[in-house]
Amino acid sequence: MFNEFLYAKIHRATVTEANLDYVGSITIDKTLLDSVNIKANQKVEILNINNGERFSTYVIEGKENSGIICLNGAAARKAQVNDKIIIVAYALLSQDEQKNFTPKIAHVDEKNRLIEA
């Protein structure tokens, strides 16, 4: 049997851009993606701390050390620049994998620079 578990989290990132005229997704600084092992095109859930919105989208890799957190397309309607969000990814784990699994969690400052991972 498999169960869905938190796999990775980028905690309290700040939205830097909202681009309505894009096909959709979230662009995330490559440094942050690497710190929690989230990949381009991977499905993530976005939790907006400011307004309570929760939605899913996929990841586009942003420039390394840029601090970019950009909501694109329809997702741009779900948050405003400077909103705080939590970005989470989940994984299906077998019972054996569940025993020793620890999710990767990245904490960032107000400019989306990695504080702790």
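Values in this document were obtained by computation on a predicted structure and should not be read as measured data.

Visitor: Requested: an account of the sheet that holds strand β5 (residues 54-62), with residues and values cited.
Guide: Read across the sheet, 9 strands follow the order β2-β6-β3-β5-β4-β7-β1-β8-β9 without closing on themselves; strand pairing throughout is mixed. Edge positions in the sheet fall to β2 (17-19) and β9 (114-116), since each of these pairs with one other strand and no more. If you compare each strand with its neighbour and ignore which way they point, the axes differ by 35° on average. Of the pairings in the sheet, the one linking strand β1 (residues 2-14) to strand β7 (residues 84-94) comprises 10 bridges and is antiparallel in character. Looking at β7, one finds that Lys9 is bridged to Val88.

Visitor: Give a detailed account of the packing of aromatic side chains, specifying residues and quantitative values.
Guide: Applying the stated rule across the entire model yields 1 aromatic pair. Consider the rings of Tyr7 and Phe101, whose centres lie 6.5 Å apart with planes at 15°: the pair is stacked. Pair noted here: Tyr7 is in strand β1 and Phe101 is in the loop between α2 (95-100) and β8 (104-108), with a separation of 94 residues, a long-range link. When its relative accessible area of 18% is taken as the criterion, Tyr7 is described as buried. On the basis of relative accessibility, which here comes to 30%, the residue Phe101 falls in the partly exposed class.

Visitor: Tell me what's going on with the pattern of salt bridges, and back it up with residues and numbers.
Guide: Applying the stated rule across the entire model yields 6 salt bridges. Here Asp34 makes a salt bridge to Lys30, at a shortest N to O gap of 2.6 Å. Separated by 4 residues within a single helix, Asp34 and Lys30 lie in helix α1 (residues 30-36), roughly one turn from each other. With a closest N to O distance of 2.8 Å, Arg113 and Asp109 form a salt bridge. Overall, Asp109 belongs to the buried group, its relative accessible area being 16%. One network of salt bridges, in which partners are shared, links Asp109, Glu110 and Arg113.

Visitor: Got a sec to walk through the side chain of Asn112? Specific residues and values, please.
Guide: Position of Asn112 relative to the elements: it lies in the loop between β8 and β9. Polar contacts involving the side chain of Asn112 include one to the main-chain amide nitrogen of Thr14, which spans 2.7 Å. A polar atom in the side chain of Asn112 sits 2.9 Å from the backbone oxygen of Gly67. Not counting residues within four places of it along the chain, the set of residues in contact with Asn112 comprises Ala13, Thr14, Thr16, Leu32, Gly67 and Ile69.

Parameters and conventions
- Residues numbered from 1 in each chain as written.
- Predicted model: local features only at pLDDT ≥ 70, side-chain atom pairs only at ≥ 80, totals over all residues.
- Heavy atoms only, no water.
- Pairing = 2+ DSSP bridges.
- Helix = DSSP H or I, 4+ residues; strand = E, 2+ residues; numbered from the N terminus.
- Axes fitted to C-alpha atoms, helices over the stretch in contact; angles between N-to-C directions.
- Phe/Tyr/Trp six-rings, centres within 6.5 Å; stacked < 30°, edge-to-face > 60°.
- Buried < 20%, exposed > 50% of the residue type's maximum accessible area, 1.4 Å probe, protein only.
- Salt bridge = Lys/Arg side-chain N within 4 Å of Asp/Glu carboxyl O.
- Polar contact = N/O pair within 3.5 Å; in protein donor to acceptor, adjacent residues only side chain to side chain.
- Contact = heavy atoms within 4.5 Å.

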